[in-house]
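# Structural overview for review
The chain contents come next:
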Amino acid sequence: MADMGSFRDAVTTWAAGGPGGPARELAGRLSVRTAVLLEGPSDAAAVDALTAREGRDLAAEGICVLPMGGAMNVGRFAALLGPSGLDLRLTGLCDERERGYYVRALDRAHAAPHDLFVCAADLEDELIRALGVPRVTELVEAEGDLRALQTFLRQPAQRDRTAEQRLRRFLGTKKGRKIHYGRVLVEALDPDGIPAPLAGLFAAL
């Protein structure tokens with residue numbers, strides 16, 4: 001049975017140079033109306049966690065959350081999914097340093113730039129600042145990673161960084177850790193403590 005995951009896979013194959021027919025057929029069958037363009041799987045994990053917290057079923061609403069494998073791929077995905085392709089509404093979440101890629105891609109695809117939500121450094125940075133260093137450290141301990149964090153913090157390269165920057169760097173030191181903590185940090189947020197870019201994205205969906 002086709003589901004939104006099948007559509008996501010079909011679009012990814014299309015963007016990599018494969019046929020577009022399967023994605024077009026699934027878009028119609030699943031009544032897809034919106035694509036949320038994300039840089040990678042850690043962002044998708046955070047969005048999925050907030051979706052569960054909010055009690056929403058984005059797939060049933062015709063919304064596809066689509067990690068693109070890097071911000072530089074946004075032009076290709078926007079062209080395929082926007083007005084010149086499947087004519088879906090495009091929205092997205094990106095880092096400040098990647099804003100230019102998104103803005104240019106949305107402009108070329110004739111999509112609305114106000115549907116782009118920008119994190120100051122990245123989503124992990126937003127989540128760490130929203131929760132605070134003590135709370136994030138508690139979560140790292142609860143997940144069994146405190147010893148690894150303590151070892152990391154003893155590295156000379158970390159001495160000149162802020163506590164928030166150290167935690168953010170730590171999350172990227174092991175494959176899969178950013179994805180795991182994308183979910184963990186979102187689940188720990190207070191209802192009124194959701195970072196503005198993430199809250200804005202959900203309010204727009």
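No experiment lies behind these values; they were computed from the predicted model shown. Just so you know, the residues in each chain are numbered from 1, in the order the chain's sequence is written. Restriction of local features to residues with pLDDT of at least 70 applies here, the model being predicted, together with a cutoff of 80 or more for giving and counting side-chain atom pairs; totals for whole chains, interfaces and linings are based on all residues. Calculated side-chain values reflect all of the structure's heavy atoms, with hydrogen atoms and water omitted.

### Observations concerning the overall build of the protein chain
Put simply, the test is: Helix and strand assignments follow DSSP, with helices taken as H or I runs no shorter than four residues and strands as E runs no shorter than two, numbered in order from the N terminus. Our radius of gyration looks at C-alpha atoms and nothing else; its globule reference is 2.2 Å times the residue count to the power 0.38. Relative accessibility thresholds used throughout: buried, under 20% of the residue-type maximum; exposed, over 50%; partly exposed, between the two (1.4 Å probe, protein chains only). The contact rule is simple, with two residues in contact once any of their heavy atoms fall within 4.5 Å. Note on areas: Shrake-Rupley, 1.4 Å probe, and residue coverage restricted to the protein chains presented here.
Along its length, the protein chain carries 11 helices and four strands. In terms of C-alpha radius of gyration, the protein chain reaches 18 Å, essentially the compact-globule figure of 17 Å for 205 residues. With respect to the three principal axes, the spread of C-alpha positions in the protein chain is 50 × 35 × 30 Å. For the protein chain, the proportion of its 205 residues judged to be buried stands at 46%. Sequence-distant contacts in the protein chain: of pairs separated by 6 or more residues, those separated by 24 or more amount to 71%. On the protein chain, roughly 10,000 Å² of surface is accessible, and the fraction owed to carbon and sulfur atoms is 50%.

### Structural notes on unusual backbone geometry
Despite not being glycine, S31 has its phi angle at roughly 55°, a positive value. Inspection of the secondary structure assignment puts S31 in the loop between α2 (21–29) and β1 (34–38). Backbone geometry at D87 places phi at a positive 60°, although glycine is not the residue there. Looking at the element boundaries, D87 is found in the loop between α4 (74–81) and β3 (89–95). Taking relative accessible area as the criterion, D87 reaches 55% and is therefore assigned exposed.

### Considerations on the layout of surface pockets
Formally: Think of a 1 Å grid over the protein atoms and nothing else: a 1.4 Å probe that fits but is trapped marks a cavity, an open set flanked by protein within 12 Å on at least five of seven lines marks a pocket, and residues with an atom within 4 Å of a point count as lining. Grid points are joined across faces, edges and corners, and a volume is the space filled by probe spheres set on the points. Classification convention: Asp, Glu, Lys, Arg as charged; Ala, Val, Leu, Ile, Met, Phe, Trp, Tyr, Cys, Pro as nonpolar; all other residues, Gly among them, as polar.
Considered as a void within the structure, the largest pocket measures approximately 250 Å³ in volume. At the level of secondary structure, the elements contributing two or more residues to the lining of the largest pocket comprise α3 (41–54), α6 (123–131) and α9 (163–171). Broken down by element, the residue count for the lining of the largest pocket peaks at three residues, all from α3. By residue class, the composition of the lining of the largest pocket is two nonpolar, four polar and nine charged. Approximately 160 Å³ is the volume attributed to the second largest pocket. Every element with two or more residues in the lining of the second largest pocket is listed here: α1 (4–15), α3 and β2 (63–67). It is β2 that provides the largest number of residues to the lining of the second largest pocket, a total of four residues. Grouping the amino acids of the lining of the second largest pocket by side-chain chemistry returns eight nonpolar, one polar and three charged.

### Some remarks on the packing of aromatic side chains
Applicable threshold: Classification of ring pairs rests on two measures: the distance between centres of Phe, Tyr or Trp rings, Trp counted by its six-membered ring, which must be within 6.5 Å, and the angle between planes, read as stacked under 30 degrees, edge-to-face over 60 and tilted in between.
Within this structure, the stated rule accounts for one aromatic pair. On the basis of an interplanar angle of 55° and a centroid distance of 5.8 Å, the ring pair of F152 and F170 is categorised as tilted. Here F152, found in helix α8 (residues 146–153), pairs with F170, found in helix α9; they are 18 residues apart in sequence, far enough to count as distant. A single burial state applies to F152 and to F170, both of which are buried.

### Section: the sheet that holds β2
The cut-off we apply is this: Between any two strands, at least two bridges found by DSSP are needed for them to pair. The axes used here are C-alpha line fits, helices contributing only the stretch in contact, and every angle between their N-to-C directions lies in the interval 0 to 180 degrees.
An order of β2-β1-β3-β4 is seen for the four strands of this open sheet, with the pairing classed as parallel. The open sheet has two free edges, formed respectively by β2 and β4 (116–119), since each of these has just one partner strand. Strand-to-strand, the axes of this sheet are offset by a mean angle of 15°, without reference to chain direction. As judged from the five bridges shared by β1 and β2, these two strands associate in the parallel manner. In the sheet register, T34 faces β2, and the bridge partner there is I63.

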